[in-house]
Amino acid sequence: MEKGSEGLPMKKLKVETLYGFAIAMVILMLGIVLSTGTQQVLSFPSSKLIDFSSNWQVQIGGELKKLSTPVKVQNEENDTLILQKKLPKSIKNGEAFFLRSTHQIVEVYVEEELIYSYGNEEGSVFSKDKGKIWNIVPLDKSMEGKDITVYIQSPYSFYGKYIGKSYIGTSFDFFIQLLKEQSVNLIVGTIMVILGFVLLLFGRFITNPMFSRSAYYLSVFSVLVGIWVILQSHIAQFLSIPVQAKELLYYEILMLIPVPLLWFLKQFYRKELESRCKYLALFVMGNFVLCNILQICGIMDFPISITFTHITLAVVALEGGYEICQLAKEYPTYSYLKYGVIGLAFTVALDISQHYFDYGLESIICTLLGICFFLILIVVTLLKNVFQKFTLADQAKHLKSIAYVDDLTGIYNRRAFDEIITQLEERKEDWDKYCMINIDLNNLKKINDELGHSAGDQLITSSVDLLRESFGSIASCYRLGGDEFMVLAESSLEKCKEAMERVHRRQQLYNEEHNIPIDFAYGIVCYDKDIDANIRDTLKRADREMYDMKEAMKHGNRNGV
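Residues numbered from 1 in each chain as written. Predicted model: local features only at pLDDT ≥ 70, side-chain atom pairs only at ≥ 80, totals over all residues. Heavy atoms only, no water.

This part is about the sheet that holds strand β5 (residues 81-86). An order of β3-β2-β5-β10-β7-β8 is seen for the six strands of this open sheet, with the pairing classed as antiparallel. One side of each edge strand has no neighbouring strand; the edge strands of this open sheet are β3 (63-67) and β8 (113-118). Neighbour to neighbour, the strand axes of the sheet diverge by 20° on average, direction disregarded. Taken together, the three bridges between strand β2 (residues 56-60) and β5 define a ladder with antiparallel strand orientation. Across the sheet, the residue bridging to Gln57 is Gln84, located in β5. (Pairing = 2+ DSSP bridges. Helix = DSSP H or I, 4+ residues; strand = E, 2+ residues; numbered from the N terminus. Axes fitted to C-alpha atoms, helices over the stretch in contact; angles between N-to-C directions.)

Backbone-to-backbone hydrogen bonds join strands into a sheet, with any given pair of strands oriented parallel or antiparallel. Ordered in space as β1-β12-β6-β9, the four strands form an open sheet in which the pairing is antiparallel. What marks the edges here is a single partner per strand, and that holds for β1 (50-51) and β9 (132-138). Note: β1 against strand β12 (residues 166-169), two bridges, orientation antiparallel. Considered in β12, the bridge of Asp51 is made with Tyr167. Of the strands in this sheet, β6 (96-102), β9 and β12 touch helix α2 (residues 171-181), which is tilted by about 140° from β12. (Contact = heavy atoms within 4.5 Å.)

Turning our eyes to something else, we now look at the nonpolar core. Ranked by size, the top nonpolar core spans 47 residues in total, and within it Val225, Trp228, Ile257, Leu262, Phe264, Phe374 and Ile378 carry the most contacts. Broken down by element, this core gets its largest block of residues, eight residues, from helix α4 (residues 209-232). Grouped together as the second largest cluster of nonpolar side chains are 32 residues, Ile411, Ile439, Ala489 and Met500 included. (Core = buried A, V, L, I, M, F, W, Y, C linked by side-chain atoms within 4.5 Å. Buried < 20%, exposed > 50% of the residue type's maximum accessible area, 1.4 Å probe, protein only.)

So, on to a nonpolar patch on the surface. On the surface, Phe283, Leu290, Phe308, Ile311 and Val315 cluster together into a nonpolar patch covering about 390 Å² of accessible area. Elements with a minimum of two residues in the nonpolar patch: α7 (271-296) and α8 (302-330). The greatest single-element share of the nonpolar patch, amounting to three residues, is contributed by α8. The exposure class of Leu290 is partly exposed, given its relative accessible area of 41%. (Patch = residues over 30% accessible without salt bridge, like charges linked within 9 Å, V, L, I, M, F, W, Y side chains within 5 Å. Areas by Shrake-Rupley, 256 points an atom, 1.4 Å probe, with all protein chains shown as cover. Salt bridge = Lys/Arg side-chain N within 4 Å of Asp/Glu carboxyl O.)

Okay, structure coming up:
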């Protein structure tokens, strides 16, 4: 077998190597930001928390308005927003004013005295971005009843229109309030991280290579989503992580999330799906490289270039959704995935639209619901396919009593095949619905002689798994003898050839991971009324084609599998 006869190993290497470089780059940038970033720190005495978000006097472009926050205002020229309000008449030492800002510079005055400033200092080494933070402004009893004035401005005009929520109280009560507000994000994020590690362990115990790789890619996807969700919660600010580091990680993960999901879809060995997933993954990585170059060079920071990421996610969702719908037509087992894709696309679209048209910039509740729904459907589908083998084994035990099942493989035997052919002979009107693939497993006798029958039996069962997974529901597999198999498909010649291409790709991957390779010769034909007098003539042609290929392979001409 020549690696790369279809270029598969090389393609896989390119995308995965690029992804590895991307992760290494994120780690490097994160390390630099961690060493230079700023952070907010909480202390934990206790008192009653006051919601301080209502009745602000807001000066916008010279006009005074009374507003409650959070709110989006019309500030077309990106003028500085000026907020003013009287502090409560009872303030205890140790309390603070908490204000949510989004990529903004914030200054806070009590009367004429500047008591807090954030964002006027230089940005991180990679960005002028101020991040999404809770500003913690210390207060004391001497400030009771005085005017508090807040100046808000953003280096980005898009974010200069937003005024966040505010509280007054102790750090402890504020932290408890955040835990309540962000409980959904924290719980779902933690569950996804745990689910990712469970899937990783699950994949290690699955002997089927396709299911094992699928579980691995799903685990990476689940862990990335979980970390991203936890970072989205405001709690991340108070875990001794510099603001700029949190922001960097948030955007980098968002850009990389689609790749493991695309690798998961590649495992289904549908030629068009495999090719498009590869190009979609490269498209995602191209967006990652572009946004990072713009960020590092100071041309466009992540909060602005996130539009490119949103476009990338939309393209992946549309194309990936279409491919999953096509996959569901070919493999009924995966039919539920299309509903997951539709749900995910809809919920993500809701949150993205809110980002551009509403003040709820950070809301991802719809996306969370869509991801959970989609991930649940994927995991259920994966488990259903894994446990289907156990169901087939139970069915095989039942069918053994009537001697129609091969003891070793659990598929139908020669007796079952002869009976179905006998039945087909009497249904002439159905002959043109069937194709036959006569398959011979090469070198089985040599393996039995040199390595023992246990090695030969393992090769046979692995070959049957490969055939059954590749043909799915469109065909039935029969073992006619020691190394001879027949696939009877009620399908078109084109569909059968696509299935044999999946056989070829699975065979390549199997042989890369095992010392004893699978090697097939086969003949594939459909009933042709101009050639075949009856269905048994079709069977003879399949047999002849298989032997012709076998002879050609002996002389070094390996056409086909």
